[in-house]
Amino acid sequence: QKEVEQNSGPLSVPEGAIASLNCTYSDRGSQSFFWYRQYSGKSPELIMFIYSNGDKEDGRFTAQLNKASQYVSLLIRDSQPSDSATYLCAVERGSSNTGKLIFGQGTTLQVKP
Amino acid sequence: SAVISQKPSRDICQRGTSLTIQCQVDSQVTMMFWYRQQPGQSLTLIATANQGSEATYESGFVIDKFPISRPNLTFSTLTVSNMSPEDSSIYLCSTTGTDGSQPQHFGDGTRLSIL
């Protein structure tokens, strides 16, 4: 079992729709969770981070965390073609502030005009 | 967040040679990390660069192949030694906040191709 799992996609949504990206993780002790966006040929860019169960909203982005189910998701509302990218879920290994991130394989999102 | 600069941005190297990648941060940071992203793959942590002591390597990565230095709180280098085509990857430096808190941000990366 991979430590962090994501569907590779591609996930295709029409412009203006809600894109839902999902991630599961295996380490029950993990406390910190991150979503990065990576455009082709570029380095990862932090979009959201979440530490507590529940929802966290920032503009069009909402991160959701359920530690009991070991599940974290990212919702993108009013999706735009510029949102087309690979979205990487990252989980900090361990329960303390190790800084060591384990990444999923990434989900490719395509937003069609 | 801190501004992270990497040099070189890209390079093409011959097999058997070594290349040193530099990572410079514009403010003092507690933690610095090196990641590798192989073609079509996600990121894999190589090591934690510790200031004033030896780096901490992840499983599958060894010091002889990837020696790392961190002489101060704003600078680190990663050397890729005795390169083979399998080392063709993007190498990324990342840091946490100035107080050691998350989240991490990444430099622009070094795109390395081995012929």
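Residues numbered from 1 in each chain as written. Chains lettered and ligands numbered in written order. Predicted model: local features only at pLDDT ≥ 70, side-chain atom pairs only at ≥ 80, totals over all residues. Heavy atoms only, no water.

Chemist: Explanation requested: the overall build of chain A in the structure shown.
Modeler: Each helix and strand counted, chain A has 0 helices and 11 strands in total. The order of α-helices and β-strands along chain A, N terminus first, is β-β-β-β-β-β-β-β-β-β-β. The C-alpha radius of gyration of chain A comes to 13 Å, within 12% of the 13 Å expected for a compact globule of 113 residues. Residues classed as buried in chain A amount to 43% of the 113 residues present. Restricting the contact set of chain A to residue pairs at least 6 apart, pairs at least 24 apart contribute 54%. (Helix = DSSP H or I, 4+ residues; strand = E, 2+ residues; numbered from the N terminus. Rg over C-alpha atoms; globule rule 2.2 N^0.38 Å. Buried < 20%, exposed > 50% of the residue type's maximum accessible area, 1.4 Å probe, protein only. Contact = heavy atoms within 4.5 Å.)

Chemist: How should I be thinking about the packing of aromatic side chains in this particular structure?
Modeler: Geometrically, a pair of aromatic rings is defined through the distance of the ring centres and the angle of the planes. Evaluation of the coordinates by the stated rule reveals 10 aromatic pairs over all chains. Measuring from centroid to centroid gives 4.7 Å for Tyr25 of chain A and Phe33 of chain A, while their planes differ by 45 degrees, and the two rings are tilted. With respect to burial, Tyr25 of chain A and Phe33 of chain A carry one shared label: buried. Taken together, the aromatic side chains of Tyr36 and Phe103 of chain A together with Tyr35 and Phe106 of chain B make up a single cluster linked through ring pairs. One cation-aromatic arrangement involves Arg60 of chain A over Phe61 of chain A; the distance from NZ or CZ to the ring centre is 5.5 Å. (Phe/Tyr/Trp six-rings, centres within 6.5 Å; stacked < 30°, edge-to-face > 60°. Lys NZ or Arg CZ within 6 Å of the ring centre and 35° of its normal.)

Chemist: I'm lost on the pattern of salt bridges in this one. Help?
Modeler: A side chain with one charge may pair with a side chain of the opposite charge, provided their charged atoms come close. Enumeration according to the criterion identifies 7 salt bridges over all chains in this entry. In this structure, the salt-bridge partner of Arg77 of chain A is Glu57 of chain A, at a minimum N-O distance of 3.4 Å. Of this pair, Arg77 of chain A sits in the loop between strand 8 (71-76) and strand 9 (85-92) while Glu57 of chain A sits in strand 6 (residues 54-58), and the two are 20 residues apart along the sequence. Residue Arg77 of chain A is classed as partly exposed on the basis of its relative accessible area, which comes to 26%. A cluster of three or more residues bridged by salt bridges with shared partners is formed by Glu3, Arg93 and Lys100 of chain A together with Glu58 of chain B. (Salt bridge = Lys/Arg side-chain N within 4 Å of Asp/Glu carboxyl O.)

Chemist: Is there a simple way to think about the interface of chain A and chain B in this case?
Modeler: By a widely used convention, the size of an interface equals the accessible area lost when the partners come together. Counting residues at the interface gives 21 residues for chain A, matched by 22 residues for chain B. A buried area of about 1,600 Å², summed over both sides, lies between chain A and chain B, and 50% of it is on carbon and sulfur atoms. Joining chain A to chain B, the criterion identifies 2 salt bridges. Arg93 of chain A is the salt-bridge partner of Glu58 of chain B, the closest N and O atoms lying 2.6 Å from each other. Taken together, chain A and chain B are joined by 10 residue pairs in polar contact (both at pLDDT 80 or more). Mapped by element, the contributors of at least two residues to the side of chain A that touches chain B are strand 4 (33-38), strand 5 (45-50), strand 9 and strand 10 (101-103) of chain A. A total of 3 residues in the side of chain A that touches chain B trace back to one element, the largest contributor, which is strand 4 of chain A. When its residues are assigned to classes, the side of chain A that touches chain B shows 9 nonpolar, 8 polar and 4 charged. (Buried area = accessible area lost by both parts, 1.4 Å probe. Polar contact = N/O pair within 3.5 Å; in protein donor to acceptor, adjacent residues only side chain to side chain. Nonpolar A, V, L, I, M, F, W, Y, C, P; charged D, E, K, R; others polar.)

Chemist: Just to check I follow, could you spell out the state of the cysteines for this structure?
Modeler: Here, the word disulfide means a covalent bond between the sulfur atoms of two cysteines. As enumerated under the stated definition, the model contains 2 disulfides over all chains in all. Here Cys23 of chain A pairs with Cys89 of chain A through a disulfide, and the sulfurs are 2.1 Å apart. On the S-S bond that ties Cys23 of chain A to Cys89 of chain A, the torsion sits near -70 degrees, and the link is left-handed. Residue Cys23 of chain A is found in strand 3 (residues 19-25), and its partner Cys89 of chain A is found in strand 9; the two are separated by 66 residues along the sequence. Note on cysteine connectivity: Cys23 of chain B is disulfide-linked to Cys93 of chain B, with sulfurs 1.9 Å apart. Its S-S torsion of approximately -65 degrees makes the covalent link between Cys23 of chain B and Cys93 of chain B left-handed. (Disulfide = S-S within 2.5 Å.)

Chemist: Explanation requested: the side chain of Glu92 of chain A in the structure shown.
Modeler: Residues and elements named next belong to chain A. Relative to the assigned elements, Glu92 resides in strand 9. Within the buried set, Glu92 has no salt-bridge partner at all; the shortest N-O distance to an opposite charge, 9.8 Å, is to Lys100. Of the polar contacts made by the side chain of Glu92, one reaches the backbone nitrogen of Gly99; its length is 2.6 Å. (Lys, Arg positive; Asp, Glu negative; His and termini not counted.)

Chemist: Just to check I follow, could you spell out the sheet that holds strand 8 of chain A for this structure?
Modeler: For sheets, the rule is that strands pair by backbone hydrogen bonds, running either parallel or antiparallel. All names here are of chain A. The 5 strands are arranged 1-3-8-7-6 in an open sheet whose pairing can be described as antiparallel. Looking along the sheet, the strands with just one partner apiece sit at the ends: strand 1 (4-5) and strand 6. As defined by bridge partners, strand 6 adjoins strand 7 (residues 61-66) across 5 bridges and the pair is classed as antiparallel. Looking at the pairing, Lys56 lines up with Ala63 of strand 7. (Pairing = 2+ DSSP bridges.)

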